[in-house]
Structures are given as C-alpha cells and as structure tokens.
Amino acid sequence: LARRHLVYVAQRPALAPLASLREHAEALAGFRGLAVEAMRQRLVQLAGELRLGDALDLPVRSLSGGMQHKAALALGLLANTPLVMLDEPHTGLDVRSALALRGLIRARQATGTAFVLASHLAEASLALADRALVLRGGVVGRAFDRDDLRAFGGDARAFENAVLTAMG
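Residue positions are given per chain, counting from 1 as you read along its sequence in written order. Given that this is a predicted model, residues contribute local features only at a pLDDT of at least 70 and side-chain atom pairs are listed and counted only at 80 or more, while totals for whole chains, interfaces and linings are drawn from all residues. Just so you know, side-chain values use all the structure's heavy atoms and leave hydrogens and water out.

Asker: Help me understand the overall build of the chain in this model?
Answerer: Strands are runs of DSSP state E lasting at least 2 residues, helices are runs of H or I lasting at least 4, and numbering of each runs from the N terminus. Secondary structure assignment for the chain yields seven helices and five strands. A compact globule built from 168 residues should have a C-alpha radius of gyration of about 15 Å, and the chain, at 17 Å, falls within 12% of that. Projected onto its principal axes, the C-alpha positions of the chain cover 45 × 35 × 30 Å. Per-residue burial for the chain yields a buried fraction of 39% across its 168 residues. Taking as baseline every contact in the chain between residues at least 6 positions apart, the subset at least 24 positions apart corresponds to 64%. Accessibility throughout is a Shrake-Rupley quantity obtained with a 1.4 Å probe, and a residue counts as covered only by protein chains that appear here. With the model as given, the accessible surface of the chain reaches about 9,600 Å², and the carbon-plus-sulfur share is 54%. When charges are counted, Lys and Arg are positive and Asp and Glu negative, with His and the chain ends excluded. Positions of charges follow a simple convention, taking NZ of Lys, CZ of Arg, CG of Asp or CD of Glu. Separation of charge centres in the chain, based on 20 positive and 16 negative side chains, amounts to 3 Å. As a reference, a globule follows 2.2 Å times the number of residues to the power 0.38, and the radius of gyration itself is taken over C-alpha atoms. Think of it in three bands: with a 1.4 Å probe and only protein chains considered, a residue is buried below 20% of the maximum accessible area for its type, exposed above 50%, and partly exposed in between. Only heavy atoms enter the contact rule, under which two residues are in contact if any of them lie within 4.5 Å.

This is the structure we're talking about:
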C-alpha cells in the first residue's frame, strides 16, 4: 500500500543496465497501474526539462553517472505520488539540470506533493525546504521550521554555519 503513496530515489539508483529510460518508465507504469501513454508523454516532458532527451532509448549502462541520476530522478517524478523521497538529489547534476530539478520540485510542491530531501548542500536545502533537520549521530541535533529558514534570507553561508553549530 505504501508504494502507491511514495517514491524513493536513491543517491545511487538501481536501474537495469540494459534497459533504456523509456523501458524503465513503461515498467514503472505497469507496476503502478498507470496509463502507459500518459507516462510516455510525461517522460518526454521530464527528459526535456532535465536535458535527457537524447538518452531516452539508450541502455542505462551507456549513460554517465550524472545522466543515470537524472534518469532516476525523472522516473521518480513520473508517478504523481503524494510523497517523494530524494537522497542527494543534486548528485552529478550540472547547474542547468539542478535548477530544472528545483523548478520541477517546486511545481510538484505547489500541487500538494511533499518532498523529503537528504542533502549535504545548504543552498539547495535552503532554496527548497519548508523545514530542515540536522542529524547528528542519527539523532535530530536541530530542527529548523519555516520561520527559522526564512530568517536566513537566502544566505546559504549563514545556514551552513547554523548547521555546523548544530552538528557540534
């Protein structure tokens, strides 16, 4: 039951090396009981935004690490689940792709999708988060609520310093 409500994209995604991104999407549609044609159209849109258009039909193993990560992110964003968990979503992304990903996340947030991001990038966290937790030894060392994050005024360096202080 939980699978229908969430998607998890690992930092090092486990994709079938001989399958293409399009084949992965079709399998995902079957697994989730989604309309294949709608999934194909959404895949083309996401691939364009993440600069993957030329890679749709290539075997995953022929893609660079960054391209594989973008492929996994596109797959994770295909299904409209209420919760999307992304582990280090900016790994291997160029600046344009990172900004495109932020735009895709914000658009989904606006429709009610909740995101849980595990990230070491203060700027990315500050740009996307409504709340942030700093883990120290697997325990919450500090929690930042929306007002705390807004108080940084977009200053990633100040946020990094607060995170470092919380980590001890």
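Next comes the rest of the write-up.
Asker: Mind showing me how you'd approach the packing of aromatic side chains here?
Answerer: The pairing test for Phe, Tyr and Trp rings, Trp by its six-membered ring, is centres within 6.5 Å, and the orientation test on the planes gives stacked under 30 degrees, edge-to-face over 60, and tilted for anything in between. According to the stated counting rule, one finds three aromatic pairs in the structure shown. Counting every residue linked through ring pairs, the aromatic cluster contains Phe144, Phe152 and Phe159.

Asker: What am I meant to see in the pattern of salt bridges here?
Answerer: A side chain of one charge can pair with a side chain of the opposite charge when the charged atoms of the two come close. The working definition used for a salt bridge is a side-chain nitrogen of Lys or Arg within 4 Å of a carboxyl oxygen of Asp or Glu. Inspection of the entire model under this criterion finds six salt bridges. A salt bridge links Arg51 to Asp94; the nearest nitrogen and oxygen atoms lie 2.8 Å apart. You can see Arg51 sitting in the loop between helix H2 (36-49) and helix H3 (65-78) and its partner Asp94 sitting in the loop between strand E2 (83-87) and helix H4 (95-110), a full 43 residues away along the chain. Among the residues examined, Asp94 registers a relative accessible area of 31% and is labelled partly exposed.

Asker: Can you walk me through the layout of surface pockets in this structure?
Answerer: To find leftover empty space, one rolls a probe the size of a water molecule over the atoms. Within this model, the largest pocket holds a volume of roughly 1,000 Å³. Only E2, H4, strand E3 (114-118), helix H5 (122-128), strand E4 (132-136), strand E5 (139-144) and helix H7 (156-167) provide two or more residues apiece to the lining of the largest pocket. Here the lining of the largest pocket is composed, by residue class, of 21 nonpolar, five polar and seven charged. In this analysis, the protein atoms alone were mapped onto a 1 Å grid. Cavities are point sets where a 1.4 Å probe fits without being able to get out; pockets are open sets with protein on both sides within 12 Å along at least five of seven lines; lining residues have an atom within 4 Å of a point. Grid points are joined across faces, edges and corners, and a volume is the space filled by probe spheres set on the points. Of the voids in this model, the second largest pocket is the one considered here, and its volume is about 340 Å³. Where the lining of the second largest pocket is concerned, the elements lending two or more residues are strand E1 (6-9), helix H1 (21-32) and H3. The residue makeup of the lining of the second largest pocket, split by class, is 13 nonpolar, two polar and two charged. Any residue outside Ala, Val, Leu, Ile, Met, Phe, Trp, Tyr, Cys, Pro, Asp, Glu, Lys and Arg is labelled polar, Gly included; the first ten of those are nonpolar and the last four are charged.

Asker: Just to check I follow, could you spell out the nonpolar core for this structure?
Answerer: If you look at soluble globular proteins, the nonpolar side chains tend to sit buried side by side. Residues belong to a common nonpolar core when they are buried Ala, Val, Leu, Ile, Met, Phe, Trp, Tyr or Cys residues joined through side-chain atoms within 4.5 Å. Grouped together as the largest cluster of nonpolar side chains are 35 residues, with contacts concentrated most on Leu21, Leu50, Leu52, Leu78, Leu86 and Leu101. Secondary structure elements with two or more residues in this core: E1, H1, H2, H3, E2 and H4. A total of seven residues in this core trace back to one element, the largest contributor, which is H3. Setting aside chain neighbours within four positions, we find Leu78 in contact with Ala25, Leu28, Met39, Arg42, Leu43 and Leu46. Leu126, Phe159, Ala162 and Ala166 belong to the second-largest nonpolar core, a separate cluster that totals 11 residues.

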